[in-house]
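What follows is each chain in one-letter form.
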Amino acid sequence: MIFAIPDQQAEHNIVQLSIPCLASAIAEDLSCKSPNPPLDAIPKQDRPLMTPVYWGFRTMWYGSMLMFGTLFYATILRFRRRLWTARRFHKFLVWLAPLGILAILGGWVTAETGRPPWVVYGYLRTSAAVSHLAPAQLVFSVIGFCLMYAVMLGAYIGYIVHTVRIGPERDRPDAAGQPRPEQPDQSRPALRKVPAPGTIAPGMASPEMASGEVGA
């Protein structure tokens, strides 16, 4: 199923767009016979919330497919030697940058909202797995995790900004297909070449020319 608007209370989809055998292909079975149990086959007391599970999975799945497709197209551009000059593709990559984070969040939403009412399916329910913690312990744990993820997010954003500022220029070939020559270090004075004994440095007149003796 490509798209649907589910109605969990009525146990049907208000709108849906399906492709035959797609579920089997996702399950790595091209025979179109993979079991795909519907939601109404599960007892109501064991059903998770349908909306976050459905949209979380679609965000993760379609996001990953779009990223794989972008990578495939970038590989084609690289073989055609157009990867560094495809400006529209570069603009598309800028807009695509947050998609990886959205796909990860979609996966987390799918896992965490699709798990209830089970922690271990068929064996341990969430109501029986709740730890008896004091409110202070719970608040400390939540704050600790939030700070840890904030530090990780800050480091990730800092790395991305640093990499974008550097850009691909240091690895970009010039028009002839050769790497750019390294720029001289401007902090050091340029060294003058001393001509070998008996040779004339460029721009210097020979003793014969200086004395006016020029051969015919």
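A brief look at the structure comes next. (Residues numbered from 1 in each chain as written. Predicted model: local features only at pLDDT ≥ 70, side-chain atom pairs only at ≥ 80, totals over all residues. Heavy atoms only, no water.)

### Side note on helix H2 (residues 50–79)
Argument step 1. End to end, H2 covers 44 Å across 30 residues, agreeing with the expected 44 Å (1.5 Å per residue, within 8%).
Argument step 2. Every buried residue belonging to H2 is among Val 53, Tyr 54, Gly 56, Arg 58, Gly 63, Ser 64, Thr 70, Ala 74 and Leu 77, and all of these are buried. (Helix = DSSP H or I, 4+ residues; strand = E, 2+ residues; numbered from the N terminus. Expected span 1.5 Å × (residues − 1). Buried < 20%, exposed > 50% of the residue type's maximum accessible area, 1.4 Å probe, protein only.)

### Section: the pattern of salt bridges
Argument step 1. Across all of its chains, the model carries two salt bridges by this definition.
Argument step 2. The salt bridge partner of Asp 46 is Arg 125, with a shortest N-O separation of 3.0 Å. Taken together, the residues span a long stretch of sequence, with Asp 46 in the loop between helix H1 (22–26) and H2 and Arg 125 in strand E4 (residues 124–125) at a distance of 79 residues.
Argument step 3. A relative accessible area of 16% means that Asp 46 is categorised as buried.
Argument step 4. The class of Arg 125 is partly exposed, set by a relative accessible area of 29%.
Argument step 5. Two residues, Glu 112 and Arg 115, come together in a salt bridge whose shortest N-O distance is 2.7 Å.
Argument step 6. Judged by relative accessible area, Glu 112 falls into the partly exposed class, the value being 37%. (Salt bridge = Lys/Arg side-chain N within 4 Å of Asp/Glu carboxyl O.)

### Side note on the packing of aromatic side chains
Argument step 1. Summed over the entire model, instances satisfying the criterion amount to four aromatic pairs.
Argument step 2. Against the face of Trp 118 rests Arg 125, its NZ or CZ located 4.7 Å from the ring centre. (Phe/Tyr/Trp six-rings, centres within 6.5 Å; stacked < 30°, edge-to-face > 60°. Lys NZ or Arg CZ within 6 Å of the ring centre and 35° of its normal.)

### Overview of unusual backbone geometry
Argument step 1. With an omega of 5°, the peptide bond between Pro 116 and Pro 117 qualifies as cis.
Argument step 2. Its location among the elements puts Pro 117 in the loop between helix H4 (99–114) and strand E3 (118–120).
Argument step 3. Located in the positive-phi region is Arg 81, a residue other than glycine, with phi close to 60°.
Argument step 4. With respect to the secondary-structure elements, Arg 81 resides in the loop between H2 and helix H3 (87–96).

### Brief notes about the packing of H2 against H4
Argument step 1. It is the contact of H2 with H4, at a shortest axis distance of 7 Å, that shows an interaxial angle of 150°. The hand of the H2/H4 crossing is left-handed. Together, Pro 52, Val 53, Gly 56, Phe 57, Thr 59, Met 60, Gly 63, Leu 66 and Met 67 of H2 and Leu 99, Gly 100, Leu 102, Ala 103, Gly 106, Gly 107, Val 109, Thr 110, Thr 113 and Gly 114 of H4 make up the contact between the two elements.
Argument step 2. Residues belonging to the contact of H2 with H4 are distributed by class as follows: ten nonpolar, nine polar and no charged. (Axes fitted to C-alpha atoms, helices over the stretch in contact; angles between N-to-C directions. Left-handed = near helix turned anticlockwise from the far one by under 90°. Contact = heavy atoms within 4.5 Å. Nonpolar A, V, L, I, M, F, W, Y, C, P; charged D, E, K, R; others polar.)

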